[in-house]
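Examining the three-dimensional arrangement
Spelled out, the chains give:
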Amino acid sequence: MINSPTSTTASNVDPQTILHAQVRGFYYGKSLALRNIDLPIYKNQITAFIGPSGCGKSTLLRCFNRLNDMIPETRLDGQILFKSRNVYHPQEDALLLRRHIGMVFQKPNPFPKSIYDNVAFAPRIHGLRGDLDELVERSLRQAALWDEVKDKLKQNALKLSGGQQQRLCIARSLAIQPEVILMDEPCSALDPITASQIEELMKQLKEHTTIIIVTHNMQQAARLSQMTAFFNLEMQEGSTTGELVEYDHSPVIFQQPKNHVTQQYVNGYFG
Ligand SMILES: Nc1ncnc2c1ncn2[C@@H]1O[C@H](COP(=O)(O)OP(=O)(O)OP(=O)(O)O)[C@@H](O)[C@H]1O
């Protein structure tokens, strides 16, 4: 465990820790984007990451399934444990890891293929056996999209509305039955009605999936999540670095945070 004065690990939880970020530093080139993070993520809960722009929420999110590997000259000093295994160990397979830890982005990014082929894409790549039709239907049902698309599965996914595309992307990530889904502002490009559909969906998914969501919407974080991590920017040798300020049950963070900066942020008095 990293002994960090700025990290506050939640107490009074019956934790089944599925992921654990133990990050001394995360670098883009020479620039230190994150430091001193000690953050366990609990199974079958929704954990929200909140904090001002640039404090490293998305960076940390991308550490969990090593998506930062795609960005040149990035470096993690520390470890990310997934079910007690360090996913950054040189012998760990990042592609296999992403089968267990999926990702949904802010902007829906369906492939320019049919609805069916979007959902079937990852199972085919991973050589999953079984009835593909049944898997596609189940994934689309779980993503609350089946009824709207069941008669046009061969239609190009790019013809769907933004909200439908986002649910398709969720169905696509569900098709390989990930244990964790990372969501980077999944509702911010959607209208309020569609956003609330996605929120409902997340509540259902939590029954069998662990979700981490980055959001700038405090009401959404408070409504949805069981745990919330608040990050902030600290000045460090003339540049800013993201740090974990407070991590606790969401009602504590939103109603009685221990740190006055958290209080200012969640109440909108933050400049
Ligand atoms: N691909 C990249 N290359 C270099 N620096 C990056 C890259 N992505 C992010 N950064 C830097 O890392 C820091 C953290 O960025 P990050 O996007 O993780 O923050 P964030 O809290 O998610 O911000 P936002 O809420 O605006 O999305 C910022 O200083 C940012 O400029």
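The sections below set out a description of the structure shown in this document. Worth saying up front: this structure is predicted, and the values here are computed from it rather than measured.

1. Things to note about the site of the ligand
Residues in close proximity to the ligand total 14 residues, the closest being Ser53, Lys57, Ser58, Thr59 and His216. Within the side chain of Ser53, a nitrogen or oxygen atom sits 2.5 Å from an oxygen atom of the ligand. Here the ligand, which alone exposes 640 Å², has 61% of that area covered by the protein. Counting residues per element, the shell around the ligand draws most heavily on helix α1 (residues 57–64), at 4 residues. Across the shell around the ligand, the residue classes tally to 5 nonpolar, 6 polar and 3 charged.

2. As for the side chain of Arg172
In this structure, Arg172 sits in helix α6 (residues 162–174). The buried charged residue Arg172 lacks any salt bridge, with Asp117 as its nearest oppositely charged partner at 12 Å. Among residues more than four places away in sequence, those in contact with Arg172 are Asn109, Pro110, Phe111, Asn118 and Val119.

3. Points about the packing of helix α3 (residues 115–125) against α6
The N-to-C vectors of α3 and α6 enclose an angle of 35°; their axes lie 7 Å apart at closest approach. For the element pair α3 and α6, the recorded crossing hand is right-handed. Contact residues: Ile115, Asn118 and Val119 in α3; Leu168, Ala171 and Arg172 in α6. Residue composition of the contact of α3 with α6, grouped by class: 4 nonpolar, 1 polar and 1 charged.

4. A short note on the pattern of salt bridges
Enumeration over the complete set of coordinates arrives at 13 salt bridges. Of the charged contacts in the structure, one is a salt bridge between Glu199 and Arg223, with a shortest N-O distance of 2.7 Å. With a gap of 24 residues between them, Glu199 in helix α7 (residues 192–205) and Arg223 in helix α8 (residues 218–224) connect regions that are remote in the sequence.

Conventions adopted
Residues numbered from 1 in each chain as written. Predicted model: local features only at pLDDT ≥ 70, side-chain atom pairs only at ≥ 80, totals over all residues. Heavy atoms only, no water. Near = heavy atom within 4 Å. Polar contact = N/O pair within 3.5 Å; in protein donor to acceptor, adjacent residues only side chain to side chain. Areas by Shrake-Rupley, 256 points an atom, 1.4 Å probe, with all protein chains shown as cover. Helix = DSSP H or I, 4+ residues; strand = E, 2+ residues; numbered from the N terminus. Nonpolar A, V, L, I, M, F, W, Y, C, P; charged D, E, K, R; others polar. Buried < 20%, exposed > 50% of the residue type's maximum accessible area, 1.4 Å probe, protein only. Lys, Arg positive; Asp, Glu negative; His and termini not counted. Salt bridge = Lys/Arg side-chain N within 4 Å of Asp/Glu carboxyl O. Contact = heavy atoms within 4.5 Å. Axes fitted to C-alpha atoms, helices over the stretch in contact; angles between N-to-C directions. Left-handed = near helix turned anticlockwise from the far one by under 90°.

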